[in-house]
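# Observations on the three-dimensional arrangement
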Amino acid sequence: MKKILIVGPASQILGIRIAKGLDINYYNTETKTFPDGENYLRINIDNDSLIDGTEVIIVQSTGPSSSENQNGRLIELLMMIEAVKRMGATKIVVVIPYLAYARQDSVFRPGECKFAQLVLRLIDSMRINELYVVDIHSQKILEEIQCKCVNIDSMKILADYIKSLNIKNIVVVAPDKGAVERSRAFAKHFGDNIPVDYFEKVRDVKSGEITMSGKLSLKNRDVIISDDIIATGGTMAKAIKILKKEGANRIFAVATHALLLQNARYRIFSAGADDIIGTDSIDNEVSKVSLSKAIVDYLK
Ligand code: R5P
């Protein structure tokens, strides 16, 4: 079956890298916002026959950026799926490197909505064939949908990049207990006996304020602190300040999805980080590691 790729407006670099890795043709989109605020999207093709009878891969991250927020990104994604379905795509494969709302997977206070599950059900209801996400915040939310669904692990490619930096005497630190499992898996890519430590983090469910504590022994050690998401940088900055106090040598803040909202860059570097390392799930200046190979390996 013929295969093509649609490069979503939020994944322009990664989309092209994936198409090149698969050696298939790719097409971009034209987008705008109407004066009343509604989104408009058109796939940049001359006629429907290009899609009719074709397998279509859509790549669209749903993180916020200066040009669109996550709601707009989700609407654009739904528009692309509707368009290719209507034009006769025989198989629709959707790649969402960063899935917005994935952190809203539980009811933390009465009256809240489990919106992560709803977002997935909405995408699934469009009868796509396959869905690929990367290091999703909560794996359990994938259990609720019907289509084939894969959560791609970015740990190896992040570790390969970090190894190339020649970091010595490594300790991997998780910024909270929830990230320990991920950090242990991450540490294994650096060797068998790499120590893993973590902080106790408590986030006030009303104010969002974080408190963090932990006693780690880090004299002369290079620290990789790893999380799935850096949003405002509050979690990383708090952790890095403690790491510095505990004598850490160099500190690398690593995240699959480095959203870097508000003054996150300033918070993290002024806390003492030597670098921030993210993937191209979010297209910004810290996207040093491309997910394309890991995604292409699944799509081949
Ligand atoms: C939370 O459970 C996540 O894994 C991240 O730790 C969190 O989203 C980071 O948010 P922020 O950068 O705003 O502290």
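Residues numbered from 1 in each chain as written. Predicted model: local features only at pLDDT ≥ 70, side-chain atom pairs only at ≥ 80, totals over all residues. Heavy atoms only, no water.

### What about the domain arrangement of the protein?
- Its domain assignment divides the protein into domain 1 (3–153 + 290–299) and domain 2 (155–280).
- Distance from the C-alpha centre of domain 1 to the C-alpha centre of domain 2: 28 Å.
- The partner domain 2 presents 14 residues to the 16 residues of domain 1 that form the contact.
- Here domain 1 packs against domain 2, burying approximately 1400 Å² in sum over the two surfaces, 60% of which is carbon and sulfur.
- Among the residues of domain 1 in contact with domain 2, Tyr98, Arg109 and Asp135 are the three that bury the most area, contributing 36% of the side total.
- Between the two partners, domain 1 and domain 2, sit two salt bridges.
- Arg17 serves as the salt-bridge partner of Asp280, at 2.7 Å between the closest nitrogen and oxygen.
- Our count for the contact surface shared by domain 1 and domain 2 stands at eight residue pairs in polar contact (both at pLDDT 80 or more).
- By residue class, the composition of the side of domain 1 that touches domain 2 is eight nonpolar, three polar and five charged. (Domains from an automatic or database assignment. Contact = heavy atoms within 4.5 Å. Buried area = accessible area lost by both parts, 1.4 Å probe. Salt bridge = Lys/Arg side-chain N within 4 Å of Asp/Glu carboxyl O. Polar contact = N/O pair within 3.5 Å; in protein donor to acceptor, adjacent residues only side chain to side chain. Nonpolar A, V, L, I, M, F, W, Y, C, P; charged D, E, K, R; others polar.)

### As for the site of the ligand
- The local shell around the ligand holds 14 residues, among which Arg103, Asp227, Asp228, Thr232 and Thr235 are the closest.
- Between the ligand and Asp228 there is a distance of 2.6 Å, counted from an oxygen atom to a side-chain nitrogen or oxygen.
- Considered on its own, the ligand offers 380 Å² of accessible surface; in the complex 89% of this is hidden by protein.
- For the shell around the ligand, the elements supplying multiple residues, two or more each, are β11 (200–203), β13 (222–230) and α6 (234–245). (Near = heavy atom within 4 Å. Areas by Shrake-Rupley, 256 points an atom, 1.4 Å probe, with all protein chains shown as cover. Helix = DSSP H or I, 4+ residues; strand = E, 2+ residues; numbered from the N terminus.)

### Quick word on helix α7 (residues 264–271)
- If you check which residues of α7 are buried, you get Ala264, Ile268 and Ala271. Each buried residue of α7 sits inside an arc of 70° when the element is viewed along its axis, so together they form one side.
- Along its buried surface, α7 packs onto β13, α6, β14 (251–258) and β15 (275–279).
- One or two steps after α7, the chain reaches Gly272, where phi turns positive at roughly 125°. (Buried < 20%, exposed > 50% of the residue type's maximum accessible area, 1.4 Å probe, protein only. Arc of directions from axis to C-beta.)

### Focus: helix α1 (residues 12–22)
- All buried positions along α1 are accounted for by Leu14, Gly15, Ile18, Ala19 and Leu22. Along the long axis of α1, the arc covered by the buried residues comes to 135°, so they all point the same way.
- Each element contacted by the buried residues of α1 is listed here: β1 (3–7), β2 (25–27), β5 (55–59) and α8 (292–299).
- A positive phi of about 60° marks Asp23, the residue just after α1.

### Things to note about the pairing of β15
- Among the five residues of β15, five are classified as buried, and the element is accordingly described as predominantly covered.
- Here β15 shows a buried face lined by Asp275, Ile277 and Thr279 and a second buried face lined by Ile276 and Gly278.
- As paired strands, β14 and β15 are joined by three bridges and run parallel to one another. The partner of Phe252 across the bridge, within β15, is Asp275.
- For the crossover from β14 across α7 to β15, the handedness is right-handed. (Pairing = 2+ DSSP bridges. Right-handed = clockwise from strand over helix to strand, strands pointing away.)

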